[in-house]
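Observations on the three-dimensional arrangement
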Amino acid sequence: MRDYLLTLCVTAAVTYLLTGPVRKFAIATGAMPEIRARDVHREPTPRLGGIAMFFGLCAGLLVADHLQNLNSVFELSNEPRALLSGAALIWIIGVLDDKFEIDALIKLGGQMIAAGVMVMQGLTILWIPVPGVGTVSLTSWQGTLLTVALVVITINAVNFVDGLDGLAAGMVCIAAAAFFLYAYRIWFSYGIEAAAPASLFTAILMGMCLGFLPHNMHPARIFMGDSGSMLIGLVLAAAAISVTGQVDPDALKIFEGSTREATHAALPVFIPLLLPLTIIAIPVADLVLAIVRRTWNGQSPFAADRGHLHHRLLEIGHSHSRAVLIMYFWSALIAFGVVAYSVHSASMWIVMLVVALSAVGLVLLLLPRFTPRAPRWAEAFVPPRYRRRAVRPHLAPSSSAHDGQGEPAVSGTAEIEAAAEPQERTPIPAGVNGATAIGARSRLPDRRKAGTRG
């Protein structure tokens, strides 16, 4: 566990430290598109954050290769090299898309080729467990098709959800944490070395996301772009394929006894097949709804719009930060709920806890304008908008506290709350200082410098 923690910290540190220079590089190269109709940010923001995440991945694999307890993963398996090959290919495609906006079908073809590269190097699904039957081996083309489908679905689901600051990185980090707990348990509890690569992949994936999140939280200073979203989607899919393709269910000795007992005991073995989809259930649901919505409206399934789940949360009144936290909540509930149920599938308290937390999540969805207030002893540890504010005595009735008609003007708490209301801002065009320093990419007629008035 210490080696995994060290690998995670090194990956996070490299990603965090490189994101700043990558941001300057993205500004200098003009990888900072104009505001689109479906975007929720108001200023042109540089992309290419996936560059830092990819070098974080490389650093994590390099450090793990030199650790005594993790070196066996590279000696006994070709999966780390397969992951690096597929990740490099999908990363190059993402960088080109962030800069030049390549066609969606070309990206889809690149995703399939990246999955094929991993299959050719041994990172593929070899068998699937069937209750009452045992392990069913897949033919070469069956395993390839299933592997490619899982990679493409996961990549696009993560890519679809990358619409708010910090949303994709946070949700994938939650998914990776849940998957790490499952893979580590298979490796540590059952002594199956074939689960070690998946544990390594998910630890590195957590480091990539944690290192990038400080730069990507609202208001974001840089976006990961397709170079980052497709990369972390591929790493998540690779971890699932590694567990499913290399861990023999017969090694767990669960297909014994009656058919009913075997079916009940086999539930943890099906988790590698279902966990990637249940972990990203929210993005997958968003993906399916987007395809149906666009097809119904006569549009291409790859055409972008503002109908995603996170856009709808903003429309019903949730703030940017709260919409992200709600998506985090549902992702964690589904991911860790499935992992907990796979460990203790006979415990009803897990089901009851998931139901109770689901009710809490529904209440949060129905109260978009409710602002919680922290207790006074905790006010120093929360953002200012959650602190209690009292009307100061000297702001009570005075000549300046009334308008021309004798009515009291807004002051004290009301004044502060009014000031906290979001104001309409004119988008700052490219060509000014700050996050939009270089590149006259905007068609807006206003070319004033940032911070000027009039």
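For the structure, see preceding data.
Cut-off values and rules
Residues numbered from 1 in each chain as written. Predicted model: local features only at pLDDT ≥ 70, side-chain atom pairs only at ≥ 80, totals over all residues. Heavy atoms only, no water. Helix = DSSP H or I, 4+ residues; strand = E, 2+ residues; numbered from the N terminus. Contact = heavy atoms within 4.5 Å. Axes fitted to C-alpha atoms, helices over the stretch in contact; angles between N-to-C directions. Left-handed = near helix turned anticlockwise from the far one by under 90°. Nonpolar A, V, L, I, M, F, W, Y, C, P; charged D, E, K, R; others polar. Phe/Tyr/Trp six-rings, centres within 6.5 Å; stacked < 30°, edge-to-face > 60°. Buried < 20%, exposed > 50% of the residue type's maximum accessible area, 1.4 Å probe, protein only.

1. Section: the overall build of the chain
- When helices and strands are tallied, the chain shows 16 helices and two strands.
- Pairs at least 24 apart in sequence give 72% of the contacts found in the chain among residues at least 6 apart.

2. As for the packing of helix α1 (residues 2–29) against helix α8 (residues 196–216)
- Orientation of α1 relative to α8, taken along the N-to-C sense of each, is 35 degrees, at an axis distance of 7 Å. When you trace α1 past α8, the crossing you get is right-handed.
- Among the residues forming the contact of α1 with α8, the class breakdown is 13 nonpolar, nine polar and no charged.

3. Considering the packing of aromatic side chains
- All chains considered together, the criterion is met by eight aromatic pairs.
- Each ring, one from Tyr4 and one from Phe180, has its centre 5.5 Å from the other, and the planes form 80 degrees; the classification is edge-to-face. Of the two residues, Tyr4 is situated in helix α1 and Phe180 in helix α7 (residues 167–190); the sequence distance between them amounts to 176 residues. Neither residue differs from the other here; Tyr4 and Phe180 are each classed as buried.
- Where Tyr4 meets Tyr184, the ring centres are 6.1 Å apart and the plane angle is 85 degrees; that geometry is what we call edge-to-face. With Tyr4 in helix α1 and Tyr184 in helix α7, this residue pair connects regions lying 180 residues apart in the sequence. Both residues of the pair, Tyr4 and Tyr184, count as buried.
- Three or more aromatic residues joined by ring pairs make a cluster, and in this case those are Tyr4, Phe180 and Tyr184.

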